[in-house]
Amino acid sequence: MKIITLPCSFDNYSYLIICEETGTAAVVDPAEYYPVSCAVASAGVQLRAVYCTHHHADHIGGLDDLREEFPDLDIYGHQVDRRRIPGFNSPLTDGGTVRIGRITGQAIHTPGHTSGSICYLFGTDLFTGDTLFGAGCGRLFEGTPQQMHEALNSLVRNLPPATKVYFGHEYTAHNLKFARFVEPGNKAGEARRELVEEQRARGQATTPSTLAAEVATNPFLRCGEEEIIRTVAEKFFGEDLDPLSVFAALRRLKDVF
Ligand SMILES: [Zn+2]
């Protein structure tokens with residue numbers, strides 16, 4: 001299996017997943033048509049499927065033109081998005097299987113950013129859309145803090161730390177500034193900021209990261225940490241400080257950061 005990262009639009013990432021044995025491919029979140037079509041042509045593969053992590057326009061912007069070029073595409077997403085994704089024909093629910101060539105993957109329903117948000121897992125490669133970012137998480141447009149908190153923690157609970165995280169936007173540098181704001185004493189966060197600064201200065205993507213790196217530096221996965229709890233207590237004096245309340249407070253702080 002080969003993964004090609006495709007920077008699209010302003011800061012979106014699409015990903016081409018290739019089964020090298022069969023020369024077939026699928027694209028995760030075709031944000032734009034041209035980068036995907038060009039990558040398919042230059043890899044010399046047949047595009048068979050689209051895996052949508054959710055219905056937002058910046059993740060499906062290339063879909064109409066791709067359907068014209070490849071009329072037989074299987075277009076996957078969560079079944080609640082069936083009327084919100086053009087050409088939708090392959091509904092998924094939690095645990096559903098997807099196949100491209102000889103590669104098998106699994107849909108993990110992770111509601112929070114939207115009600116139908118899905119992460120796709122292929123072996124140790126996880127495509128998270130706008131659910132889990134480098135050092136951050138998606139805004140809560142259609143879900144509750146509880147849903148997102150549970151979705152993120154279930155990924156950490158159920159998947160190995162070495163799992164690679166392929167996220168939907170290049171937000172990592174800004175997210176790490178927020179991470180420093182809420183947890184200035186986190187050494188791993190400091191090291192990651194330096195690394196990300198170097199990567200961005202060279203024009204490199206910060207995707208993929210790993211679940212281990214996220215657990216070490218992503219404040220939304222660190223809601224039980226003393227320093228984060230203290231920051232939240234200062235900003236939201238008097239609130240309950242269980243991990244879910246800390247998560248909800250962090251998300252509200254980040255919305256205006
Ligand atoms: Zn989105």
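A short tour of the structure in this document, coming up. None of these values were measured; they are calculated from a predicted model. (Residues numbered from 1 in each chain as written. Predicted model: local features only at pLDDT ≥ 70, side-chain atom pairs only at ≥ 80, totals over all residues. Heavy atoms only, no water.)

Moving on: the packing of helix H8 (residues 226-235) against helix H9 (residues 243-255). Where H8 meets H9, the closest approach of the two axes is 10 Å, and the angle between their N-to-C directions is 65°. In terms of axis orientation, H8 runs roughly perpendicular to H9. When you trace H8 past H9, the crossing you get is left-handed. The residues of H9 that touch H8, namely those facing Ile228, Ile229, Val232 and Lys235, are Val246, Ala249, Leu250 and Leu253. (Axes fitted to C-alpha atoms, helices over the stretch in contact; angles between N-to-C directions. Helix = DSSP H or I, 4+ residues; strand = E, 2+ residues; numbered from the N terminus. Parallel < 35°, antiparallel > 145°, perpendicular 65-115°, else oblique. Left-handed = near helix turned anticlockwise from the far one by under 90°. Contact = heavy atoms within 4.5 Å.)

Structurally, the position occupied by Thr206 is in the loop between helix H6 (187-201) and strand S14 (209-210). Residue Thr206 is classed as buried on the basis of its relative accessible area, which comes to 5%. Taking the C-alpha atoms as reference, Thr206 lies 19 Å from Pro30; in sequence the two are 176 residues apart. In this view, Thr206 contacts Tyr13, Phe167, Glu170, Thr172, Val196, Gln199 and Arg200; residues no more than four positions away in its chain are not counted. At 2.6 Å, the side chain of Thr206 forms a polar contact with the side chain of Thr172. (Buried < 20%, exposed > 50% of the residue type's maximum accessible area, 1.4 Å probe, protein only. Polar contact = N/O pair within 3.5 Å; in protein donor to acceptor, adjacent residues only side chain to side chain.)

Right, let's talk about the sheet that holds strand S2 (residues 12-19) for a bit. Spatial strand order, S1-S2-S3-S4-S5-S6: six strands in an open sheet with mixed pairing. Looking along the sheet, the strands with just one partner apiece sit at the ends: strand S1 (2-8) and strand S6 (90-92). In this sheet, neighbouring strand axes are inclined to one another by 25° on average, regardless of whether the strands run parallel or antiparallel. Contacts from helix H1 (residues 33-43) reach S1, S2, strand S3 (24-28) and strand S4 (46-51), with the element oriented near 145° to S1. (Pairing = 2+ DSSP bridges.)

Approximately 250 Å³ is the volume attributed to the largest pocket. Mapped onto the lining of the largest pocket, the elements with two or more residues apiece are strand S12 (136-137), helix H5 (172-182) and H9. Residue classes in the lining of the largest pocket are distributed as five nonpolar, six polar and five charged. (1 Å grid on protein atoms, 1.4 Å probe; cavity = no way out; pocket = protein on both sides within 12 Å on 5 of 7 lines; lining within 4 Å. Points joined across faces, edges and corners; volume = space filled by probe spheres on them. Nonpolar A, V, L, I, M, F, W, Y, C, P; charged D, E, K, R; others polar.)

With that settled, the discussion passes to the pattern of salt bridges. All told, the structure shown has twelve salt bridges when counted by the stated rule. For the salt bridge of Arg200 with Glu170, the shortest nitrogen-to-oxygen distance reads 3.8 Å. Here Arg200 is found in helix H6, whereas its partner Glu170 is found in the loop between strand S13 (164-167) and H5, with 30 residues between them in sequence. Here Arg251 makes a salt bridge to Asp255, at a shortest N to O gap of 2.8 Å. Of this pair, Arg251 and Asp255 both sit in helix H9, separated by four residues, roughly a single helical turn. Ionic contacts of the salt-bridge type, sharing partners, join the residues Asp81, Arg84 and Glu142 into one network. (Salt bridge = Lys/Arg side-chain N within 4 Å of Asp/Glu carboxyl O.)

The residue His169 is located in the loop between S13 and H5 in this model. With residues up to four places along the chain from it excluded, the contact list for His169 reads Asp11, Asn12, Tyr13, Asp58, His59, Asp130 and Phe133. Within the local environment of His169, its side chain forms a polar contact with the side chain of Asp58, the two groups lying 3.1 Å apart. A polar contact is formed between the side chain of His169 and the side chain of His59, at a distance of 3.3 Å.

The next subject is the side chain of Arg251. Given a relative accessible area of 4%, Arg251 falls into the buried group. For Arg251, the side chain forms a polar contact with the main-chain oxygen of Cys137, separated by 2.7 Å.

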